[in-house]
Amino acid sequence: MKDNKCFLYQVEDLVFSYTLGNQRVEALRGVNVAIPASSLVTISGPSGSGKSTLLNILGLIEPVQEGRVLFRGEDMKWMGEKRKNLVRKLEIGFIFQQFHLIPVLSAEENVRYFLVRQGLSKGEIKERVEGSLESAGLWEHRKKKPSELSGGQKQRVAIARAIAKKPCVIIGDEPTASLDQKTGFEVMELLARLVETEKTSVILTTHDAMVQSFSQQNIHIQDGTTCG
């Protein structure tokens, strides 16, 4: 496999297994895929096919056990914990099905919270918080806490939080699954616009054909292997 920097991720012969009781289960069995930079990519497949496992490896949540995964040309298998933490902190944004917002903080404070930990100046933090909330269509709701927001608005806060980091990739595990179709469509429009205007990559697992319709590449996984 060529170390081509036009690819955000390059995955070669990826194998991942885990222990369930007394059994060893292979979640991924020889996955091969290349994900271009500045693209919206979906990972589809039946429940238990290995979608979330692949996403967790790409997000540096699970380790590379066997095979090779390059992130922007860097071999993830040989990243130390310090390097992994730095990549997760600065280069990867995460959005989840259940939002993971801090309930006692307002939308604005939820977005600001992780930026403060990055050691940015007050001016830079203010600019990023305002810009991301406006991009997500949340400026008028910035003072509301999660309990005062709809499901779609909560997911937009989560997206704004990810945008504010200015990552090169946003990773989402079924981020529209708990939303109605109309709200999910609006969230996907937001993510697609982010790819187009900011050149940020977006990688999502999904069961939803609507979500797949926004993707420039769909990776279908069946029984732990890529299909098609």
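The structure contained in this document is the topic of the report that follows. (Residues numbered from 1 in each chain as written. Predicted model: local features only at pLDDT ≥ 70, side-chain atom pairs only at ≥ 80, totals over all residues. Heavy atoms only, no water.)

Overview of the overall build of the protein
Note the following rule: Strands here mean DSSP runs of E at least two residues long; helices mean DSSP runs of H or I at least four residues long; both are numbered from the N terminus. Between the two quantities, the radius of gyration covers C-alpha atoms and the globule rule is 2.2 Å times the number of residues to the power 0.38. Exposure classes here rest on a 1.4 Å probe applied to the protein chains alone. A residue is buried below 20% of its type maximum, exposed above 50%, and partly exposed in between. Whether two residues are in contact is decided by their heavy atoms: any pair within 4.5 Å suffices. Areas reported here follow the Shrake-Rupley algorithm with a probe of radius 1.4 Å; residue values treat only the protein chains shown as occluding.
A tally of helices and strands in the protein yields seven helices and ten strands. The C-alpha atoms of the protein give 18 Å as radius of gyration, which agrees with the globular expectation for 228 residues (17 Å, within 12%). Expressed as lengths along the three principal axes of its C-alpha atoms, the size of the protein is roughly 50 × 40 × 35 Å. Within the protein, the fraction of its 228 residues that count as buried is 47%. Within the protein, contacts between residues separated by at least 24 positions form 72% of all contacts whose residues are at least 6 apart in sequence. Total accessible area computed for the protein in this model is approximately 11100 Å², and 49% of it derives from carbon and sulfur atoms.

Quick word on unusual backbone geometry
Of note in the backbone geometry, S38 takes a positive phi value of approximately 55 degrees without being a glycine. For S38, the position within the fold is in the loop between strand 2 (23–36) and strand 3 (40–44). Unlike most non-glycine residues, H100 shows phi in positive territory, near 55 degrees. By the secondary structure assignment, H100 is in the loop between strand 6 (92–96) and helix 3 (107–116).

Quick word on the side chain of S106
Relative to the elements of secondary structure, S106 occurs in the loop between strand 6 and helix 3. In this view, S106 contacts R142, K143, K144 and K145; residues no more than four positions away in its chain are not counted.

Observations concerning the packing of helix 3 against helix 5 (residues 151–164)
Put simply, the rule reads: Helix axes are fitted only over the stretch in contact, all axes being lines through C-alpha atoms; the angle between N-to-C directions runs from 0 to 180 degrees. Orientation is classified from the angle alone, with under 35 degrees giving roughly parallel, over 145 giving roughly antiparallel, 65 to 115 giving roughly perpendicular, and any other angle giving oblique. For any helix crossing, the convention is left-handed if the near helix is rotated counterclockwise from the far helix by under a right angle, and right-handed if that rotation is clockwise. The residue classification treats Ala, Val, Leu, Ile, Met, Phe, Trp, Tyr, Cys and Pro as nonpolar and Asp, Glu, Lys and Arg as charged. All others, Gly included, are polar.
Between helix 3 and helix 5, whose axes approach to 9 Å, the crossing angle comes to 30 degrees. If you check the angle between helix 3 and helix 5, you find them roughly parallel. Helix 5 is crossed by helix 3, and the crossing has right-handed handedness. Touching A107, N110, V111, F114 and L115 of helix 3 are V157, A160, R161 and A164, all from helix 5. Taken together, the residues that form the contact of helix 3 with helix 5 break down as seven nonpolar, one polar and one charged.

A word on the sheet that holds strand 8 (residues 201–205)
What counts is decided by this rule: Note on pairing: DSSP must find at least two bridges between two strands before they are called paired.
Spatially, six strands are ordered 6-7-8-3-9-10 in an open sheet, and the strand pairing comes out mixed. A strand with exactly one partner marks an edge of an open sheet, and here the two such strands are strand 6 and strand 10 (225–227). The sheet shows a mean angle of 25 degrees between the axes of neighbouring strands, taken without regard to direction. Pairing of strand 6 with strand 7 (residues 169–173), which is carried by five bridges, proceeds in the parallel orientation. Across the sheet, the residue bridging to G93 is I170, located in strand 7.

Side note on the packing of helix 4 (residues 122–135) against helix 5
Packed helix pairs are characterised by how far apart their axes lie and by the angle those axes make with each other. Two numbers describe how helix 4 lies on helix 5: the axes approach to 8 Å, and their chain directions differ by 135 degrees. When the interaxial angle is binned, helix 4 and helix 5 end up oblique. Regarding helix 4 and helix 5, the two cross each other, and that crossing is right-handed. For the pair formed by helix 4 and helix 5, the contact residues are R128, S132 and L133 on the first element and A160, I163 and A164 on the second. For the contact of helix 4 with helix 5, a count of residues per class yields four nonpolar, one polar and one charged.

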